[in-house]
Every structure is written in structure tokens, then in C-alpha cells.
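These are the residues of each chain, in order.
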Amino acid sequence: MAQPTVPTGPDRGDRAALAGDAVRRIMHIASAMRHYQDMEVAELGLTPAAARALHELDPDRPLPARDLAEQLRCDRSNVTALVDKLEQAGLVERRVDPTDRRQKTLVVTEVGRRMRDRVHQVMSDSRLLGGLTTDELATLSQLVWKVSDGGCPEQCGGE
């Protein structure tokens, strides 16, 4: 079976063009992944925003809605609507914080735990990477780490 040909990109000597091409391709991949995730999340009966909110919640650590808003990088009023949807679906409950009775925390229910596991599977879907060898996946993983986590040790508390 013939190996697929790899299209040629910018000249290797043109760093700016190479970087721009890489960014455009990464954005294309991210868009395709988001499309697949959104379709599968809809099949679970969730909106993409509600799925992301549920995914951010730790089932073993109740969290105030304001902290969830920070994690999602959105306004608290938007989180209130998301939490309302999650609560109506029986996935989370608002409970009084035992350490500060003035605030409520979000607690993932048992049904929510199962749904969160399903959402995690959807968000970990790797079908677009199916054509890569194990060595290629290892190389890609190293490069993605270098661009993401590897680039923020000062800000992220790393080494």
C-alpha cells in the first residue's frame, strides 16, 4: 500500500511562514475536534458550555460558582445559567458550604459523575490522530507539551 504524500509547506528557511502555517493547521485541527466534540456532547443532551462546566468540576471537591466562573474565564451571570441547566438535569446540586454558610458550593451528583466521565471520553476523542504511528504520536505529544505546558513554568508554578 502506498504511503500518502505529505503536502509541502513553506520553505524551511522562512521561520515566520513556517510558524504561520503551523498555527493555521493547529487551528484547523482544533476546529475539527471541536466540531466532533460538539456533536457528541449534543447526543448526551448537553450544550458545549454545560459540558465544559461539568468537565471543570471536580466531583470530589465542591466548588463555589464564582470559582467555576474563573476556571471557565467567563462572567458569573453566565455560570449561573449553566449551573441552572446542570441542576435541572440532576447533574449538580447547590449546597450550603459547611465552612462558610453564606455561600453555596456546586456538588456533582452520582448521575453527574457518570455524565462527567462520558464528557471526559468525548473531550479525549483522538480519532483525528488515528493515522499517526506511536512514534509520531510521541513526537506530537512532546511538541504540543513544549508549546503549551513547557512554555509557562514561571506562570504555572512549574520547575
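Everything discussed here concerns the structure shown above.
Residues numbered from 1 in each chain as written. Predicted model: local features only at pLDDT ≥ 70, side-chain atom pairs only at ≥ 80, totals over all residues. Heavy atoms only, no water.

Peer 1: Which residues make up the sheet that holds strand S3 (residues 100-108), and what values go with them?
Peer 2: Read across the sheet, three strands follow the order S1-S3-S2 without closing on themselves; strand pairing throughout is antiparallel. Among the strands making up the open sheet, the edge pair consists of strand S1 (63-64) and strand S2 (92-97). Across six bridges, the pairing between S2 and S3 is antiparallel. Bridge pairing in S3 links Val 92 to Val 108. (Pairing = 2+ DSSP bridges. Helix = DSSP H or I, 4+ residues; strand = E, 2+ residues; numbered from the N terminus.)

Peer 1: Would you mind going over the side chain of Arg 116 in detail, with residue names and values included?
Peer 2: Inspection of the secondary structure puts Arg 116 in helix H5 (residues 110-123). Within the buried core, Arg 116 has no salt-bridge partner, and the shortest N-O distance to an opposite charge, that of Asp 117, equals 4.9 Å. Here Leu 57 takes part through its backbone oxygen, which lies 2.5 Å from a polar atom of the side chain of Arg 116. Dropping the residues within four chain positions of it, Arg 116 is found in contact with Leu 54, His 55, Leu 57, Asp 58 and Pro 59. (Buried < 20%, exposed > 50% of the residue type's maximum accessible area, 1.4 Å probe, protein only. Lys, Arg positive; Asp, Glu negative; His and termini not counted. Salt bridge = Lys/Arg side-chain N within 4 Å of Asp/Glu carboxyl O. Polar contact = N/O pair within 3.5 Å; in protein donor to acceptor, adjacent residues only side chain to side chain. Contact = heavy atoms within 4.5 Å.)

Peer 1: Can you lay out unusual backbone geometry for me, pointing to particular residues and giving the numbers?
Peer 2: When glycine is set aside, most residues are seen to have a negative phi, and most peptide bonds are trans. Unlike most non-glycine residues, Arg 73 shows phi in positive territory, near 55°. You can call Arg 73 exposed: its relative accessible area is 74%.

Peer 1: Report on the nonpolar core, specifying residues and quantitative values.
Peer 2: One broad rule of soluble globular proteins: the nonpolar side chains tend to lie buried together. Membership of the largest hydrophobic core comes to 23 residues, with the highest contact counts inside it found for Leu 46, Leu 54, Leu 68 and Leu 86. Among the elements of the structure, helix H2 (48-56), helix H3 (65-72), helix H4 (76-88), S3 and H5 are those that each provide at least two residues to this core. Once residues lying within four places of it in the same chain are set aside, the contact partners of Leu 86 are Leu 46, Ala 50, Ala 53, Leu 54, Leu 91 and Val 92. (Core = buried A, V, L, I, M, F, W, Y, C linked by side-chain atoms within 4.5 Å.)

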